[in-house]
Amino acid sequence: MMVMRSLAAALPAAPVRDNSILRRRRHELFVAGVVLVVLALLPLATHDVYFQNLIILTILFAGLAQAWNILGGYCGQISLGHALYFGIGGYVSTLLFVRAGVPPTFGMVAGGMVGALAALLVGWPCFRLSGHYYAIATVVVGEIGYLLFLNWDFVGGASGVYVPFTGHSLINLQFRVSKLPWHYVALGFAAIAWLTAFLVEGSRWSYSWRAIKDDVIAARSLGVRVFPSKMAAAGISGFLTAMGGAIYAQYVGYIDPDSVMAGSLSILIALPAVLGGVGTLWGPLIGSAVLIPLSELSRSYLGGSGSGVDLMLYGALITGVALARPQGLVSLIGVKRRSGGGDAPAA
Amino acid sequence: MPPLLEIDRVSKAFDGVQANVEVSFAVHEGEILGLIGPNGAGKTSLFNSISGEVTPDAGEIRFEGQPISGLGPVACARLGIARTFQVVRSFDSMTVLENVMVGAFARASSARAAMTAAEQVLAFTGLGARVDTAAYLLTPPEKRRLEIARALATNPRLLLLDEMLTGLTPAEAQAGVQLIREIRAQGVTIIMVEHVMEVLLPLVERAVVLNLGRVLTEGRPQEIVRDPAVIKAYLGDRYAAA
């Protein structure tokens, strides 16, 4: 077609008229700027170490849920094994630091790459499964990873690995006294995850996923390739999740399979996105802001006797939202949901 | 020059029902070919074979001399075969522009390039004022145009139109005919399945008539409407004798 062919030559210079897509994306960037400033100023509000910790964990899990959201929300491939990538990130950066003296700032990138590789290796066979079978496969793979690390002496087995304190150092992510630097490390991570989701949302992959969810036959007739776009989502999601795992390991100072690879952690990574709104830019942050404080508060106020109560609250909350607001909490504040739901597309 | 598309003794059965039996014909670059026949003649089945949706049981389909049977819809789309559907399949969670961008991504290297290409195609198909409208809000004739725009955005050499004029008012159908002529003028070869004979026949240079899965006859429209076999297939024995 000549219109289109001549167009191809003139593409880079061709101006695009303003349209709803460009307006919405400008708006999202503006909101993100405001949210970033607010979150950056949040430490001014409290000197209480307990609340500082709560805020740091909330922001960290907002980033993790966003990483999950890229695969589970936008791409529609529900993963219930993200603790595997989280744990891999934590172990890679920690072991590199403890055994080889590699600074965790580099270690978290290395961990991210191993996490991405793991996600691709899981995706390669599992994306051939349709519908909910992918979700089931990720549960199994997550459990395999947990058992592997539990019985692997080189990585400390069940007794785990301590991160030794080697003195105040930014590059080693070791800070004396104050929790303040951790606030900005977590915020930086969450910002990277958000920006990645924003870029993914505007990319060809996001259009492919939405088209497949709406009508897979029409999508294929337009040349939409399914498998490569799923692999891309898995790789990105695995990288970011592992990076978050590396940050968590340095923050807590100790890792073992139960704290970074347990199946319940996979749920904790996925839930904020589900509660806040899957396939949305702000769902993970909103969901995390509700769930993480709820979890921590119920745990600290109810103590040992209340263990499990936080999970009961989770269950009640998710059930309530699923019934009353299936599109997630984000739909309450008038943010228009862009993408299809969490239903895995039949592909 | 070899034909753009060659259908070579293609057969396809669904659950024992023969949808196409040894169908053979060729489509030449730049023509508008009509594919007609009574209900159940196998027109849409043949479309599904050409666009890669299904694989023929026997025979071969060649596009620009290259066998394409069994490649699947994605590969066929990327080779330059685009289609619309008898029952409209718009992406209803998206705006008009986003729908067409999905097609444009088949060729475009970036989101910005896809957006520019999609806007051009929408202007060409007369939907320029509807870019930001949600697809599900379009009127039926607009939805047909949207499907054409989306298909054109993949930059096809061959466009398959499945009953795109059916169910439209005469005025809407005429506007559709005009659009089809403009598309052909851009160098796109077109095969159209249609029931509305009086609209189709002035538009096409050549028509292939299918009946009970087989090619009944092919030729120029004027010849076909006088062919007793065609009249019999459409209207029954009594009218053929008249």
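Keep in mind that this is a model prediction, so the values were computed, not measured. (Residues numbered from 1 in each chain as written. Chains lettered and ligands numbered in written order. Predicted model: local features only at pLDDT ≥ 70, side-chain atom pairs only at ≥ 80, totals over all residues. Heavy atoms only, no water.)

(A) Highlighting the overall build of chain B. Each helix and strand in chain B was counted, giving 10 helices and 10 strands. Rg of the C-alpha trace for chain B: 18 Å, near the compact-globule value of 18 Å for 242 residues, within the 12% margin. The dimensions of chain B, computed from C-alpha atoms along their principal axes, are 60 × 40 × 35 Å. Counting across all 242 residues of chain B, residues that qualify as buried make up 57%. Within chain B, counting contacts between residues at least 6 apart in sequence, those at least 24 apart form 64% of the total. The centroid of the 23 positive side-chain charges in chain B is displaced by 0 Å from the centroid of its 27 negative side-chain charges. (Helix = DSSP H or I, 4+ residues; strand = E, 2+ residues; numbered from the N terminus. Rg over C-alpha atoms; globule rule 2.2 N^0.38 Å. Buried < 20%, exposed > 50% of the residue type's maximum accessible area, 1.4 Å probe, protein only. Contact = heavy atoms within 4.5 Å. Lys, Arg positive; Asp, Glu negative; His and termini not counted. Charge placed at Lys NZ, Arg CZ, Asp CG, Glu CD.)

(B) View of the interface of chain B and chain A. Every contact between the two is made by 45 residues of chain B and, on the other side, 35 residues of chain A. Summed over both sides, the interface of chain B with chain A buries roughly 3700 Å², with 60% coming from carbon and sulfur. Put simply, Glu-98 of chain B and Arg-24 of chain A hold a salt bridge, and the shortest N to O gap is 3.6 Å. Counting across the chain B and chain A interface gives 11 residue pairs in polar contact (both at pLDDT 80 or more). Taken together, the elements giving at least two residues each to the side of chain B that touches chain A come down to α2 (73–79), α3 (96–104), α4 (111–124) and α5 (140–152) of chain B. In terms of residues, the side of chain B that touches chain A owes the most to one element, α4 of chain B, which gives 10 residues. Of the residues belonging to the side of chain B that touches chain A, the class tally is 24 nonpolar, 10 polar and 11 charged. (Buried area = accessible area lost by both parts, 1.4 Å probe. Salt bridge = Lys/Arg side-chain N within 4 Å of Asp/Glu carboxyl O. Polar contact = N/O pair within 3.5 Å; in protein donor to acceptor, adjacent residues only side chain to side chain. Nonpolar A, V, L, I, M, F, W, Y, C, P; charged D, E, K, R; others polar.)

(C) Molecular detail of the nonpolar core. Counting residues in each nonpolar core, the largest one holds 78 residues, and the members touching the most others are Tyr-91, Trp-182 and Met-261 of chain A. Sort the elements by how many residues they give to this core and helix α3 (residues 49–74) of chain A lands first, with 13 residues. Apart from the residues within four sequence positions on either side, Trp-182 of chain A is in contact with Ile-56, Leu-173, Phe-175, Ile-247, Gln-250 and Tyr-251 of chain A. Within the second largest apolar cluster, 65 residues are counted, among which are Ile-21 of chain A together with Leu-138, Ala-149 and Val-177 of chain B. (Core = buried A, V, L, I, M, F, W, Y, C linked by side-chain atoms within 4.5 Å.)

(D) Fine view of the packing of aromatic side chains. For the coordinates displayed, the defined rule picks out 13 aromatic pairs over all chains. For the ring pair Tyr-91 of chain A and Phe-149 of chain A, a centre distance of 4.6 Å and an interplane angle of 40° mean the geometry is tilted. Taken together, the positions of Tyr-91 of chain A in helix α4 (residues 82–100) and Phe-149 of chain A in helix α6 (residues 133–150) put the pair 58 residues apart, joining distant regions of the chain. Tyr-91 of chain A gets classed as buried once you look at its relative accessible area, which sits at 2%. Plain terms: the ring middles of Tyr-207 of chain A and Phe-105 of chain B are 5.2 Å apart, the flat faces sit at 50° to each other, and that makes the pair tilted. Placement of Tyr-207 of chain A in helix α8 (residues 204–214) and of Phe-105 of chain B in the loop between α3 and α4 is noted, with the two residues assigned to different chains. (Phe/Tyr/Trp six-rings, centres within 6.5 Å; stacked < 30°, edge-to-face > 60°.)

(E) Spotlight on the sheet that holds strand β5 (residues 66–67) of chain B. All names here are of chain B. In space, the 4 strands of this open sheet follow the order β2-β1-β4-β5, with antiparallel pairing throughout. Looking at the sheet topology across the chains shown, the edges are occupied by β2 (17–27) and β5. Here strand β1 (residues 5–14) pairs with β2 via 7 bridges, running antiparallel. Each residue of the ladder has a partner; that of Glu-6, found in β2, is Ala-26. (Pairing = 2+ DSSP bridges.)

(F) Local environment of the environment of Gly-34 of chain B. For Gly-34 of chain B, the position within the fold is in strand β3 (residues 32–36). Those residues within four positions of Gly-34 of chain B in sequence are excluded, and the remaining contacts are Met-192, Leu-200, Val-204, Arg-206, Ala-207 and Val-208 of chain B.

(G) View of the packing of helix α2 (residues 20–41) of chain A against helix α7 (residues 180–201) of chain A. All names here are of chain A. Running from N to C, α2 and α7 point in directions that differ by 175°, and their axes come no closer than 11 Å. Classed by the angle they form, the pair α2 and α7 counts as roughly antiparallel. Side by side, α2 and α7 meet where Arg-25, Glu-28, Leu-29, Ala-32, Leu-36, Leu-39 and Ala-40 of the first sit next to His-183, Tyr-184, Leu-187, Ala-191, Trp-194, Phe-198, Leu-199 and Glu-201 of the second. A per-class count over the contact of α2 with α7 returns 11 nonpolar, 1 polar and 3 charged. (Axes fitted to C-alpha atoms, helices over the stretch in contact; angles between N-to-C directions. Parallel < 35°, antiparallel > 145°, perpendicular 65-115°, else oblique.)

(H) Representation of a nonpolar patch on the surface. Residue and element names in this part refer to chain A. On the surface, Leu-129, Tyr-133, Ile-136, Val-139, Val-140 and Ile-144 cluster together into a nonpolar patch covering about 560 Å² of accessible area. As for its placement among the helices and strands, Tyr-133 is situated in helix α6. Given a relative accessible area of 56%, Tyr-133 falls into the exposed group. (Patch = residues over 30% accessible without salt bridge, like charges linked within 9 Å, V, L, I, M, F, W, Y side chains within 5 Å. Areas by Shrake-Rupley, 256 points an atom, 1.4 Å probe, with all protein chains shown as cover.)

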